[in-house]
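What the coordinates show
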Amino acid sequence: MTLTLPSLYPALGEVHANLFMPPRKSKSSPHAFSPHPQPDAAPSHALRIGPAGWSYPDWSGYVYPKRRPKGFHEAAYLAEFFDTIEINTSFYQPLRPDHAVKWIDYVRANPRFLFTAKLWQRFTHDPVTGTTLEDERAVRAGFDVLETAGKLGAVLLQFPFSFHHTQENTSYLAALLKRFADYPLVVEVRHASWDSPKTLSLLSEYNAGFCNIDQPIIGRSLTPSNRATSTVGYIRLHGRRYDTWFSDDLAIPAHERYNYLYSSAELAPWVTRVRNVAENSRNTFVVTNNHFQGKSVVNALQLISILKGTKVKVPEPLRRHYPELEDIADAPLAEPTLFPLSSLKK
């Protein structure tokens, strides 16, 4: 049954990753948490919105307080505001099982919370060199901890713009989807050559979701879409920094690629797309990747407010830098400021 969007958010109880496919014996360490599946429950639609990553030095004083209390952890803090975070450290190296165990505990206060995680770039950015069984075991060790705990919403296979639609690349993608078929998979391609019914058919065949993206449209860049090819719907907003997206200028800091704040007018078409994807998926994730100085958090909160039709809880430090959040904040600032909010906007 397709529910209207207000019923989609928040999810009714915790939706476990094993709803997507039959359970398998986990290869994770014995200290992983046990899931509590409800096999007889009717499938429900759920929408989760959150930022990509949490460990950014420039978030200090923006998203996080400058003076952090004892025991503070970024994931626990963000779980007060969001029902998902995309793990991006797993893109650079396999997720360590002991880290996964800790992160599960950090977000335990939010029962609706699910992580998504990017597959190690060795599998998506270096297909020529190839990968080993040991590489696969290393990846699975961390993912299995999240999956066994019912906290793995999706595994994202993010391919670069240079990964074009060719017979060779199609065969490689199919083999990769088969290799990790026991996870809820989502594929992100960025080149317009993949914009074809054949791509959607391939993903549907392997029960993999299509990642709908917003990116600077340069040359043959994939344009915005609202496609759903599996039970997992996925949307990623990267920002629109045309001047830095493909830049190799070493003088430009890497973070400038994601230094972009979407306006309300720019978010509006994505609200419609999110609704369409969510109506055709069981579990939908919207991830904001325009992370510099917490802009991804600002836009994620705005999307939640629009889609829920209510005001939302907003991190106090962020409100002092982005006065537009006052329109959606569900409570006044905890402490009055000596200066008008407009003068604090950066």
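Residues numbered from 1 in each chain as written. Predicted model: local features only at pLDDT ≥ 70, side-chain atom pairs only at ≥ 80, totals over all residues. Heavy atoms only, no water.

Further remarks concern the overall build of the chain. Along its length, the chain carries 11 helices and eight strands. Sorting the 346 residues of the chain into buried and exposed places 53% on the buried side. Summarising the internal contacts of the chain: among those between residues at least 6 apart in sequence, 75% fall at separations of at least 24. Carbon and sulfur atoms form 55% of the exposed surface of the chain, whose accessible area is close to 15,500 Å². (Helix = DSSP H or I, 4+ residues; strand = E, 2+ residues; numbered from the N terminus. Buried < 20%, exposed > 50% of the residue type's maximum accessible area, 1.4 Å probe, protein only. Contact = heavy atoms within 4.5 Å. Areas by Shrake-Rupley, 256 points an atom, 1.4 Å probe, with all protein chains shown as cover.)

Attention shifts here to the side chain of Asn283. Checked against the element boundaries, Asn283 lands in strand β8 (residues 283-288). Given the relative accessible area of 0%, Asn283 is considered buried.

To continue, consider the confidence of the model for the chain. Of the residues in the chain, 84% have a pLDDT of 70 or more, and the chain-wide mean is 86. Confidence drops under a pLDDT of 50 for residues 337-346, and excluding neighbours within four residues, the segment shows 15 contacts in the predicted structure. (pLDDT = per-residue confidence, 0-100.)

The next point concerns the packing of helix α4 (residues 97-106) against helix α6 (residues 133-148). Interhelical geometry of α4 versus α6 gives an angle of 25 degrees and a closest axis separation of 8 Å. Taken together, the axis directions place α4 and α6 in an arrangement best described as roughly parallel. Pair α4 / α6 crosses with right-handed handedness. Counted together, Pro97, Ala100, Val101 and Ile104 of α4 and Ala141, Gly142, Val145 and Leu146 of α6 form the full contact between these two elements. A class-by-class count of the residues in the contact of α4 with α6 yields seven nonpolar, one polar and no charged. (Axes fitted to C-alpha atoms, helices over the stretch in contact; angles between N-to-C directions. Parallel < 35°, antiparallel > 145°, perpendicular 65-115°, else oblique. Left-handed = near helix turned anticlockwise from the far one by under 90°. Nonpolar A, V, L, I, M, F, W, Y, C, P; charged D, E, K, R; others polar.)

A word on the sheet that holds strand β7 (residues 232-237). On the basis of which strands lie adjacent, the open sheet formed by eight strands has the order β1-β8-β7-β6-β5-β4-β3-β2 and parallel pairing. Whereas interior strands pair on both sides, the edge strands pair on one side only; in this sheet they are β1 (46-51) and β2 (84-87). Here the average twist between neighbouring strands, direction ignored, is 20 degrees. With four bridges joining them, strand β3 (residues 114-118) and strand β4 (residues 152-158) adopt parallel strand pairing. Residue pairing in the sheet places Thr116 in a bridge with Ala154 of β4. (Pairing = 2+ DSSP bridges.)

Evaluated as defined, the whole model comprises 19 aromatic pairs. Arranged with centres 4.2 Å apart and planes meeting at 15 degrees, the rings of Phe159 and Phe163 form a pair that is stacked. Under the relative-accessibility criterion, Phe159 is labelled buried at 0%. Residue class for Phe163 comes out buried when judged on its relative accessible area of 4%. Counting every residue linked through ring pairs, the aromatic cluster contains Tyr56, Trp59, Tyr64, Phe72, Tyr77 and Phe81. (Phe/Tyr/Trp six-rings, centres within 6.5 Å; stacked < 30°, edge-to-face > 60°.)

Turning to the pattern of salt bridges, a few remarks are in order. The final tally for this structure, using the stated rule, is 20 salt bridges. A salt bridge links Glu134 to Arg137, with the nearest nitrogen and oxygen atoms 3.3 Å apart. With Glu134 and Arg137 both in helix α6, this residue pair falls three residues apart, about one helical turn. When the shortest N-O distance is used, the salt bridge between Arg319 and Glu326 registers 2.9 Å. Through salt bridges with shared partners, a single ionic network connects Glu86, Glu188, Arg190 and Arg236. (Salt bridge = Lys/Arg side-chain N within 4 Å of Asp/Glu carboxyl O.)

One non-glycine residue with positive phi stands out, namely Asn207, at about 55 degrees. Residue position: Asn207 is located in the loop between α8 (197-205) and β6 (209-214). The phi dihedral of Gln293 falls on the positive side, at around 55 degrees, and the residue is not glycine. Take Gln293: it is sitting in the loop between β8 and α10 (295-308). Judged by its relative accessible area of 18%, Gln293 is buried.

By the alternation rule, side chains of strand β5 (residues 185-188) split into Leu185 and Val187 and Val186 and Glu188, which are all buried. Sheet topology note: the β4/β5 ladder contains four bridges and is parallel. In the sheet register, Val155 faces β5, and the bridge partner there is Leu185. With respect to chirality, the unit in which β4 leads through helix α7 (residues 167-179) into the neighbouring parallel β5 is right-handed. The pairing of β5 with β6 spans two bridges and is parallel. (Right-handed = clockwise from strand over helix to strand, strands pointing away.)

All right, on to the pairing of β7 then. Here β7 lies mainly inside the structure; six of its six residues are buried. Where β6 and β7 come together, four bridges link them in parallel fashion. Across the sheet, residue Ile213 finds its bridge partner in β7, namely Arg236. As paired strands, β7 and β8 are joined by six bridges and run parallel to one another. In the sheet register, Val232 faces β8, and the bridge partner there is Asn283.

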